[in-house]
2 protein chains.
Amino acid sequence: MKPKLDDVAKLANVSKTTVSRVLNKRGYLSQETIDKVYDAMEKLNYQPNTVARQLYNKKTQIIGLIFPTVTNPFFGELVEELEKKLYLQGYKVIIGNSMNDPEKETNYLNQLLSNQVDGLIVGTHNRNIQQYKNDNLPIVAIDQIMNEDIPIIESDNYLGGQIATQRLIDKGARKIIHIAGPDYLNTPAQRRRNAYEDTMEKYNLEPICYTVDFNIPYKDKIQIFNRMFEEQPDIEAIFSSNDLDAAIIMKLAKNFNKKIPEDILLIGYDGTQLMRTIFPELTTIIQPINQISSKAIEVLNDRLESKETLKEYILPVTLWEGSTS
Amino acid sequence: MKPKLDDVAKLANVSKTTVSRVLNKRGYLSQETIDKVYDAMEKLNYQPNTVARQLYNKKTQIIGLIFPTVTNPFFGELVEELEKKLYLQGYKVIIGNSMNDPEKETNYLNQLLSNQVDGLIVGTHNRNIQQYKNDNLPIVAIDQIMNEDIPIIESDNYLGGQIATQRLIDKGARKIIHIAGPDYLNTPAQRRRNAYEDTMEKYNLEPICYTVDFNIPYKDKIQIFNRMFEEQPDIEAIFSSNDLDAAIIMKLAKNFNKKIPEDILLIGYDGTQLMRTIFPELTTIIQPINQISSKAIEVLNDRLESKETLKEYILPVTLWEGSTS
C-alpha cells in the first residue's frame, strides 16, 4: 500500500499539519523538524500527492510538457500551440525533450510529484515508469496509452491509416510499403499500422512494414530507407507514418532512379504547417494540432479541478491532396 | 534612481532582514508584515535584485528560454540543445515563444526578476523593454543586442554573409537579391545584410533587399516572394537569410518557370540538421548550434557566479555545398 501523509507524520512524530508545512515550505520550521520529516518521507518512499498539495492550494502556475523532441515539426508545432494557449490562461511551461529516455522522463515526472509543476501534458511514454501508476495525477497524454486512469487525446489514427492506404490502392498501387513507428511504444499511432494491414488484407494484398524510430539520427534513417529501396525494387507506393520520413524518401528515390509519383506513389502523415509550406506537393494526413492542444488543456483543467473526464478523446483527421499520390 | 531594499524597509517601517524574508518566503511572518512590505514594494516599483536573491541563495534550478518560436527549425534545434545540456547540469527549462510580442517578453522577464527562474537565455528582443536595463541580470543573449551589460553569443554573421554573396558572384551571378530579416530588430544577424551590401559594392553591383519577418504566417511570406519574382524578372541569384524562406522560394520558382540552379542560383542560411536532411541540395551557411548552446550556458553560469564575461562571443560558420549554387 502507498504510504500516506499520516504515515509520514507518525514516523516523524509530528502532526499532519507540520508535514504539510514542510512540503509547502510554509511558516516557521526548525531544521530539526524539516530533517525529521524528510527522513520519514525517504524511509517510506513517500511521494507528496495532489491532496497534500491542495491542502494549501499552493499552485506553481507551471505546466510541464514532456515530448520526445521539438525538432520534429509535429511536436514543435504542438508544443508551440500548447505554450501559447497555456500562457493565455496564466501558465508558464517547462519543457522536457525526453527522447524516449526513461530516466529523464522519470525525473520530470518526479518534479510533478514534488509540487514543482501543477500538471503535465505528456506525449512520450516509456513503459514501466512506476510513478504513472499513482492515482488521480493531473496528467493528460497525447497519443500515448499510459494507464487506465490517464486520459488520452489523439487524432483518429485508424481512419488516417485507412484513408492513406485506400488512396494508394485507388490510384492503382498493389505493392504498398508502410513505414511505421517502433512497435515497442504503446501508442495509438500504431492504429495507423493496423488500418494499413486491415485495408491491405481486404484487397488480398501483402502488408510490408519497415519500422523506424523517429528519434534516431537522420543518417540511420537514411540507411534504413536505402536498404528498403534495395530490398524492394518493385515497390509501387509508400505510406509513411510521418512527413519527415516521407521527405527523406523523396530525396533518396532519385538515387534509385525512381520518380515520384510516376514510379512510386507517396503519402505522409502529420501535415504540419511547416511541411505543407516547404513540401506542398506531399500528399499527407493532417492531424488537427489546434484541436489537439485545446482539448488537452481543457481536459487537464478538468483533472486539476478533480472533474470527471473521458478516458479517450478522438479528433478528426483530414487529407492534404498534394501531387505525390 | 532605482529603489533599493533599504528604501522598501524604511517605507514599510521594518528591518532589511524582514524584507528579505518576505521576498524569499522564509521564516514566520504575520500577514500584516507581508502586506506592508508588498505595499511598499509596489509604491516604489521595487524589483527584487539578484543580491536580494543571493542573500539566501534561493535557487529554483530553472532557466527561462525566450525565443520567437520553436517551429522555426533553427530555434527548435537550438532550444533542444540548450534543454539537453542544461538538464545535464541539473536545470529545468521554462520556454516562452515570444513571437516578438513585447508584452509576453516582459512577462517572462518579470518572472526572472521575481525569483521564479535563476537565469534567462534570450533569443528575441523587443526594443525598449525597461527591465533589461537593470544591472547584472543573469541573462545571456543569442544573436541579440540588448544593452551594454548583457553578453551576446552569435555566429560570425558578417563572414557568413560574405561567403554567401561571394559564392554567388564567383558562380557568375550579377543581379543578386538578398532576403533579409526585419530591420527594426536590433540583431547581429543584420551583419549578414551588411556583408551582402559591402560585397556587392566591392564589385560595383546594386544591392536589392526584400525584408521578411520570419514570424509572419507562411501565406504572407509566399505573397512577398511572389511579388519579388514579378518585380525582378531578370533575377540571377538569391541569398536568403534563412533556409525556410529559401525552401519556399525553391517551390515558388517553378510557378515562374525558373529552374534552380540553371536560371537562379540560391543560397540559404542556418543549415539545421532538419533542412540539411530534407533539402540536402540547398547550399547554405551552417550556424554552429552545438557551440552556440554550449557557450551560452557557460557564459550564463559565469554570470550566475558573478564572474566577469566578455561582451560578445563570435563562433565560426561553415559552408554546406549543395547543388542550388
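Quick note: structure is the one above.
Note that the structure is a prediction, hence the values are computed from the model and not measured.

### Structural notes on the overall build of chain A
Line of reasoning, step 1. In terms of helices and strands, chain A carries 12 helices and 12 strands.
Line of reasoning, step 2. Taken as a whole, chain A presents about 13900 Å² of accessible surface, with 47% of it coming from carbon and sulfur.
Line of reasoning, step 3. Within chain A, one finds 38 positive and 44 negative side-chain charges whose respective centroids are separated by 5 Å.

### Structural notes on the pattern of salt bridges
Line of reasoning, step 1. Per the stated rule, a full pass over the model turns up 32 salt bridges over all chains.
Line of reasoning, step 2. We note a salt bridge from K104 of chain B to E83 of chain A, for which the minimum N-O separation is 3.0 Å. Here the residue K104 of chain B occupies a position in helix α6 (residues 102-113), and E83 of chain A occupies one in helix α5 (residues 73-88), the pair thus bridging two chains. You'll find K104 of chain B and E83 of chain A in the same group, each marked buried.
Line of reasoning, step 3. Measuring nitrogen to oxygen at the nearest pair gives 3.1 Å for the salt bridge that ties R191 of chain B to E312 of chain B. Taken as a pair, R191 of chain B in helix α8 (residues 190-202) and E312 of chain B in strand β11 (residues 312-315) lie far apart in primary sequence, 121 residues in all.
Line of reasoning, step 4. Using a relative accessible area of 25% as the deciding quantity, one classes R191 of chain B as partly exposed.
Line of reasoning, step 5. The network of salt bridges with shared partners includes E81, K84 and K85 of chain A.

### Focus on the packing of helix α6 (residues 102-113) of chain A against helix α5 (residues 73-88) of chain B
Line of reasoning, step 1. Packing of α6 of chain A against α5 of chain B brings their axes to within 13 Å, and their N-to-C directions diverge by 75°. Of the possible angle classes, the one that applies to α6 of chain A and α5 of chain B is roughly perpendicular. On α5 of chain B, the residues that touch E103, K104, N107 and Y108 of chain A of α6 of chain A are E83, K84 and Y87 of chain B.
Line of reasoning, step 2. Residues of the contact of α6 of chain A with α5 of chain B, tallied by class, amount to two nonpolar, one polar and four charged.

### A look at the interface of chain B and chain A
Line of reasoning, step 1. On the chain A side, the residues contacting the 38 residues of chain B number 38 residues.
Line of reasoning, step 2. In this assembly, chain B packs against chain A so that about 3500 Å² is buried in total across both faces, 62% of it on carbon and sulfur atoms.
Line of reasoning, step 3. Summed over the shared surface of chain B and chain A, the number is four salt bridges.
Line of reasoning, step 4. The tally of links from chain B across to chain A stands at 20 residue pairs in polar contact (both at pLDDT 80 or more).
Line of reasoning, step 5. Of all the secondary structure elements, the ones that give two or more residues to the side of chain B that touches chain A are α5, β2 (92-97), α6, α10 (243-255) and α11 (273-278) of chain B.
Line of reasoning, step 6. When grouped by side-chain class, the residues that make up the side of chain B that touches chain A number 18 nonpolar, 10 polar and 10 charged.

### Here we look at the packing of aromatic side chains
Line of reasoning, step 1. Using the criterion set out here, one finds 11 aromatic pairs over all chains in the structure.
Line of reasoning, step 2. For the ring pair Y108 of chain A and Y87 of chain B, a centre distance of 5.7 Å and an interplane angle of 20° mean the geometry is stacked. Of this pair, Y108 of chain A sits in helix α6 while Y87 of chain B is found in helix α5, placing the two residues in two different chains. The residues Y108 of chain A and Y87 of chain B share a single accessibility class, namely buried.
Line of reasoning, step 3. Summarising the aromatic geometry, the rings of F279 of chain A and F279 of chain B are spaced 4.7 Å apart at their centres and angled 5° between planes, so their arrangement reads as stacked. With F279 of chain A in the loop between α11 (273-278) and β10 (283-286) and F279 of chain B in the loop between α11 and β10 (283-286), the pair connects residues from two separate chains.
Line of reasoning, step 4. Its relative accessible area of 2% is what places F279 of chain A among the buried residues.
Line of reasoning, step 5. Across from the ring centre of Y108 of chain B, 5.4 Å away, lies the NZ or CZ of K92 of chain A, which sits over that ring.

### A few points about the nonpolar core
Line of reasoning, step 1. In this structure, I278 of chain A together with I278 of chain B are the most contacted members of the largest nonpolar core, which totals 69 residues.
Line of reasoning, step 2. Among the nonpolar cores identified, the runner-up in size contains 52 residues, and L86, Y91, V93 and L300 of chain A belong to it.

### Details of α10 of chain B
Line of reasoning, step 1. Of all the 13 residues making up α10 of chain B, 11 are buried; the element is thus mostly covered by neighbouring parts of the structure.
Line of reasoning, step 2. Capping the start of α10 of chain B is the job of one residue whose side-chain oxygen sits 3.0 Å from the backbone nitrogen of L244 of chain B: N242 of chain B.

### Thoughts on the sheet that holds β10 of chain A
Residues and elements named next belong to chain A.
Line of reasoning, step 1. Pairing within the open sheet is mixed, and its six strands lie in the order β7-β6-β8-β9-β10-β12. In this open sheet, the two edge strands, each paired with only one partner strand, are β7 (208-211) and β12 (318-320). Shown here is a sheet whose adjacent strand axes are inclined to one another by a mean of 20°, direction ignored.
Line of reasoning, step 2. In this sheet, strand β8 (residues 237-240) lies alongside strand β6 (residues 176-180) in parallel orientation, the contact comprising four bridges. By the bridge assignment for β8, I176 is matched with A237.
Line of reasoning, step 3. Where helix α7 (residues 157-170) meets the sheet, it contacts β6, β8, β9 (265-270), β10 and β12, and its direction lies at approximately 165° from that of β9.
Line of reasoning, step 4. Docked against the sheet, helix α10 (residues 243-255) engages β6, β8, β9 and β10, running at close to 150° with respect to β9.

### Re α5 of chain A
Residues and elements named next belong to chain A.
Line of reasoning, step 1. An ideal rise of 1.5 Å per residue puts 22 Å on 16 residues; α5 measures up with 23 Å between its terminal C-alpha atoms.
Line of reasoning, step 2. Across the 16 residues that make up α5, a large majority, 14, are buried.
Line of reasoning, step 3. Capping the start of α5, N72 holds a side-chain oxygen 2.9 Å from the backbone nitrogen of F74, two or three residues further along.

### Examining the packing of helix α1 (residues 5-12) of chain B against helix α3 (residues 31-44) of chain B
Residue and element names in this part refer to chain B.
Line of reasoning, step 1. Taken N-terminus to C-terminus, the directions of α1 and α3 make an angle of 125°; their axes are 9 Å apart at the nearest point. Classified by the interaxial angle, the pair formed by α1 and α3 is oblique. As α1 packs across α3, the resulting crossing turns out to be right-handed. Mapping the contact onto sequence places D7, V8, L11 and A12 in α1 and K36, V37, A40, M41, K43 and L44 in α3.

### Points about unusual backbone geometry
Residues and elements named next belong to chain A.
Line of reasoning, step 1. Between I260 and the following residue, P261, the backbone shows a cis peptide bond with an omega angle of 10°.
Line of reasoning, step 2. As for its placement among the helices and strands, P261 is situated in the loop between α10 and β9.
Line of reasoning, step 3. The residue D143 is not glycine, and still its phi comes out positive at about 60°.
Line of reasoning, step 4. Among the structural elements, D143 can be located in the loop between β4 (139-142) and β5 (152-155).
Line of reasoning, step 5. Residue D143 is classed as buried on the basis of its relative accessible area of 9%.
Line of reasoning, step 6. The phi dihedral of N257 is positive, around 55°, even though this residue is not glycine.
Line of reasoning, step 7. Mapping N257 onto the fold places it in the loop between α10 and β9.

### Digging into a negative patch on the surface
Residue and element names in this part refer to chain A.
Line of reasoning, step 1. On the surface, E32, D35, D39 and E42 cluster together into a patch of negative charge.
Line of reasoning, step 2. Tracing the chain through its elements places D35 in helix α3 (residues 31-44).
Line of reasoning, step 3. Judged by its relative accessible area of 38%, D35 is partly exposed.

### Remarks on the side chain of E281 of chain B
Line of reasoning, step 1. Counting through the fold element by element, E281 of chain B comes out in the loop between α11 and β10.
Line of reasoning, step 2. Look at E281 of chain B and you get buried, because its relative accessible area is 18%.
Line of reasoning, step 3. A distance of 2.6 Å separates a polar atom in the side chain of E281 of chain B from a polar atom in the side chain of K251 of chain A.
Line of reasoning, step 4. Filtering out sequence-adjacent residues up to four positions away, E281 of chain B remains in contact with K251 of chain A together with M250, G322, S323 and T324 of chain B.

How each quantity is defined
- Residues numbered from 1 in each chain as written.
- Chains lettered and ligands numbered in written order.
- Predicted model: local features only at pLDDT ≥ 70, side-chain atom pairs only at ≥ 80, totals over all residues.
- Heavy atoms only, no water.
- Helix = DSSP H or I, 4+ residues; strand = E, 2+ residues; numbered from the N terminus.
- Areas by Shrake-Rupley, 256 points an atom, 1.4 Å probe, with all protein chains shown as cover.
- Lys, Arg positive; Asp, Glu negative; His and termini not counted.
- Charge placed at Lys NZ, Arg CZ, Asp CG, Glu CD.
- Salt bridge = Lys/Arg side-chain N within 4 Å of Asp/Glu carboxyl O.
- Buried < 20%, exposed > 50% of the residue type's maximum accessible area, 1.4 Å probe, protein only.
- Axes fitted to C-alpha atoms, helices over the stretch in contact; angles between N-to-C directions.
- Parallel < 35°, antiparallel > 145°, perpendicular 65-115°, else oblique.
- Contact = heavy atoms within 4.5 Å.
- Nonpolar A, V, L, I, M, F, W, Y, C, P; charged D, E, K, R; others polar.
- Buried area = accessible area lost by both parts, 1.4 Å probe.
- Polar contact = N/O pair within 3.5 Å; in protein donor to acceptor, adjacent residues only side chain to side chain.
- Phe/Tyr/Trp six-rings, centres within 6.5 Å; stacked < 30°, edge-to-face > 60°.
- Lys NZ or Arg CZ within 6 Å of the ring centre and 35° of its normal.
- Core = buried A, V, L, I, M, F, W, Y, C linked by side-chain atoms within 4.5 Å.
- Pairing = 2+ DSSP bridges.
- Expected span 1.5 Å × (residues − 1).
- Left-handed = near helix turned anticlockwise from the far one by under 90°.
- Patch = residues over 30% accessible without salt bridge, like charges linked within 9 Å, V, L, I, M, F, W, Y side chains within 5 Å.

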